[in-house]
Amino acid sequence: MSATVAPDKILKELADLWVSLGKQGEGDGSAGVLRACSMTLLVLAEEADDLMSLGETIAALMPEHPARAIVVRLIGGNERALTERVYSQCWMPFGQRRQICCEQIELMASDASLEDLPSVVLPLAVPDLPLILWCRTARILSMPGFYRISAMARKVVVDSGQVPDAVAAILRMAVVGQSNVLLGDLSWTRLTRWREMLSQLFENPDYLSHLPKISEVRVTFGPGHEVTARYMGIWITNSLSDVGVPAHLNVTSAPDGPSLRVELDGDQVHVELVREEDRLVITVNGLSHCTNLPQPTDYLLMREELSIVRPDPVFDRTLASAAAHAYPTEP
Amino acid sequence: MSIQNPFQDPLRFERRVPECVVVIFGANGDLTKRKLMPALYRLAYDRRLSAGFAVVGISRTAMGDDQFREKMLESVKQFSEDTKFDEDVWDAFAAGLFYVAGDIGDKDLYERLAKRLAEIETTRRAGGNVMFYLSTQPSQYAAIALGLGAAGMGKGSGWRRLVVEKPFGHDLASARELSDRLHEVFNESDVYRIDHYLGKETVQNILAFRFGNGIFEPLWNRRYVNHVQITAAESIGVEGRGAYYQEAGALADMIQNHLLQVMATIAMEPSASFRATSVRDERSKLLRSIRSMKPDEILKNTVPGQYGPARIGGQEVPGFRQEPGVNPESQTDTYASATFFVENWRWAGVPFYVRTGKRLPKRVTEIAIQFNQAPLRIFEDSDGAASAPNLLIVRIQPEEGISLKFLSKTPGAGMKLRPVSMDFNYGSSFGERSPSAYETLLLDAIIGDATLYTRQDMVEASWTVVEPIQTVWRNTKYNFPNYAAGTWGPAAADDMLAQRGHVWRKP
């Protein structure tokens, strides 16, 4: 394994790749390739991560978020080691003659060489476009080199659900959020459709008129969904408090129950949202209806996060409140 | 005190879509089958419609709700071009489809409709909001609006909106007359005149391109722009619609509405905000700035045309006068071109060439902005390549996108220049599907965003420009046909540009 990686060499390989793709286009009579790029996507993944699945996710993201993707596989170990491989992701849009290609660079990095990573990634990042860091492993959040890497990014996307201890996860997220980068948490992204359905429900003036009667919010969660549950509960109570409706929040674990159940209760009003396989069942005072709610895949979650490269005040506020709740209350 | 929905997150949630019932007059017609129902289904598929959303179809054909649902299912399956059919989504959507049969002139129809709407309100809780979509003959618009008014449906517990398809009148007087009738029941702010061109992604992208970027706006004026060409070409003929088309003609069918709206979008002043009123005010102001021509100017600056028979791709193609239902002596324009001038400081003296026609060589709609030449030519130009103009081309269909043509050095020794094109293709730069114009416009109307809809003053301004041309053309006997099917129109249209040293592009 070589100990170093030369960014200039990688950039030269990329340039050669484009020339060769262009020549292929000339040869087969098609209209050549169109290079598209709207960001640099830096992905940090464990060596054991399913690379095939990760590759498919990145490829699926490309049509909407064309990017130069730099995938860094963390191979552990104390030996300083970095290696690279360059290739492209191309696809032919339906009904068109010209294929679109995005660049992909793969790096292998030992834990010890993580500190060297910024010196390789910075020259490889596409100029003038945002760099988004997607941490597929929560382990990296506590590694010493993390802040040097995250400092390169405009936005860092993490899945706090991977951290076994929910309180520790929220506190860790709050710390990352205090650095000078935008933060996305896939545990929050998983809630978007739930939150949207709840919001849509109260677009109906009839239901909206019952809102002031709500006095309790209950969120129950299954294994691995505690952070999500806490976010949901905090977001609801914060929103209610904004319109002068104080509600008590109760977040409890239900090991045998569904992944998430949300209930809003009060005098003559009971609203419940619960997932049943690929459907979200919404019940208001005994009247139920279902809506399609596919399981959130990495592709769907990242697609949403990549489209938000600006401050997210609702999430920031929810995270701050969740962190405040996570700390022991001062006497 | 009324309470606002506190559960908002505009960064992540789609735009808020209120509950409503859409009532479609002409529910058995082509537009409903081909465009409206597939667009509504797609919106349901994308979870853009509210839980209580419902559609009431109205036409003369006797049928029940279930038969109507069956028919609409066929339409959705046949005409949804890039939407996967999902049985569960359809079932939920179809549960909100209802049908009322009746004659538009019959008072009883409106009473039955009112009763049906009240029932739907009870079962689906649609918030009392109703959008009436008139997909009928234009001659029936006023009767429907008045019928709705007489039955008390012009007002209700929620909002009421009226969507009308073009044409909005056949001249200035009839456009005003139609607006007056509609206003007897609906306020102008509740009347949504649909122009599907404005719903196209690229037409909206013109606003993003012009007002979201700092580099183009300084060039966007008479100092740098030499002229503008707007082309909307169709390769097909009248396709069995000869009888209708011979009453309308290309000028009224395309230029009066779609192309003048496109021209207004490309030439309008920046609006103070992206609010509907601001954008529409600027568009309207531009339309009012287009010089209305006198008869002698019309003869020099406009060219009507009509296609004659030809052989295209080994196949005999009939001329317009040979089409079924068309008068063999017809003087209808199947091609129309005009040179417009905008009388304001930004555009004074810059010609806007607009053309549209049937049976032209290809189906293409685009805007080409030709910039002035570099003031001094310092490069060798033996083959004329080095004097090719800079062009900015906004393609509206078939492949939506933007191209910039500029000169570049040919690789190798010597300094030889050739034009190259830098392309932004909407479909391939973003692999994601763009919503159809009807999806965009229907959703906008439900939400109450009229930015992409045409206002009465815009319709009147357009007719003020077009009506004098129509009058001159009607009073002049032209030697039609004057272009063969499959060509780029009459020679006189080339002469019209040649007067100013310009030539039509061949898109």
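All values derive from a computational prediction rather than experimental measurement.

Colleague: When you look at the sheet that holds strand β16 (residues 401-409) of chain B in this model, what are you seeing that I'm missing?
Modeller: Picture the strands of a sheet paired through backbone hydrogen bonds; they go either parallel or antiparallel. Residues and elements named next belong to chain B. The strand order across the open sheet formed by 8 strands is β8-β12-β13-β7-β14-β15-β16-β17, and the pairing between neighbours is mixed. Looking along the sheet, the strands with just one partner apiece sit at the ends: β8 (302-305) and β17 (417-425). Across the sheet, the axes of successive neighbouring strands diverge by a mean angle of 15 degrees, strand direction being ignored. Looking at chain direction, strand β15 (residues 391-397) and β16 are connected through 5 bridges and run antiparallel. Following the sheet pairing, leucine 391 is matched in β16 by lysine 405. Against the sheet, helix α9 (residues 250-267) engages β7 (225-233), β12 (335-341), β13 (351-357), β14 (364-371) and β15, with an angle of about 140 degrees to β13.

Colleague: Could you clarify how one ought to interpret the interface of chain A and chain B in this entry?
Modeller: One widely used convention gives an interface's size as the accessible area the parts lose upon coming together. Listed per partner, the contact involves 48 residues of chain A and 27 residues of chain B. Here chain A meets chain B over a buried area of about 3200 Å², counting both sides, of which 55% is carbon and sulfur. The residue arginine 12 of chain B makes a salt bridge to glutamate 304 of chain A at a minimum N-O spacing of 2.9 Å. One can count 10 residue pairs in polar contact (both at pLDDT 80 or more) joining chain A with chain B. Looking at the side of chain A that touches chain B, the elements that each hand over two or more residues are α6 (186-189), α7 (192-201), α8 (205-208), α9 (226-242), β14 (287-292), α10 (298-306) and α11 (313-326) of chain A. For the side of chain A that touches chain B, the element with the most residues is α7 of chain A, which contributes 7 residues.

Colleague: Looking at this model, I keep getting lost on the confidence of the model for chain B. Mind explaining?
Modeller: When pLDDT is low, close inspection of the predicted coordinates is not appropriate. In the predicted model, chain B carries a mean pLDDT of 90, and the fraction of residues at 70 or more is 98%. Interface confidence for the predicted complex, expressed as ipTM, amounts to 0.83; the pTM equals 0.78.

Colleague: Sorry if this is basic, but what is going on with the nonpolar core here?
Modeller: Within soluble globular proteins, side chains that are nonpolar tend to cluster in buried spots. The biggest cluster of nonpolar side chains holds 152 residues, and the ones touching the most others in it are Phe25, Phe132 and Phe340 of chain B. If one sorts the elements of this core by residue count, α9 of chain B sits on top with 12 residues. Among residues more than four places away in sequence, those in contact with phenylalanine 132 of chain B are Val23, Phe25, Leu113, Leu117, Leu148, Met153, Arg160, Arg161, Leu162, Val163 and Phe186 of chain B. If you look at the next biggest cluster of nonpolar residues, it comprises 80 residues, including Leu74, Val121, Val176 and Trp235 of chain A.

Definitions and limits used
Residues numbered from 1 in each chain as written. Chains lettered and ligands numbered in written order. Predicted model: local features only at pLDDT ≥ 70, side-chain atom pairs only at ≥ 80, totals over all residues. Heavy atoms only, no water. Pairing = 2+ DSSP bridges. Helix = DSSP H or I, 4+ residues; strand = E, 2+ residues; numbered from the N terminus. Axes fitted to C-alpha atoms, helices over the stretch in contact; angles between N-to-C directions. Contact = heavy atoms within 4.5 Å. Buried area = accessible area lost by both parts, 1.4 Å probe. Salt bridge = Lys/Arg side-chain N within 4 Å of Asp/Glu carboxyl O. Polar contact = N/O pair within 3.5 Å; in protein donor to acceptor, adjacent residues only side chain to side chain. pLDDT = per-residue confidence, 0-100. Core = buried A, V, L, I, M, F, W, Y, C linked by side-chain atoms within 4.5 Å. Buried < 20%, exposed > 50% of the residue type's maximum accessible area, 1.4 Å probe, protein only.

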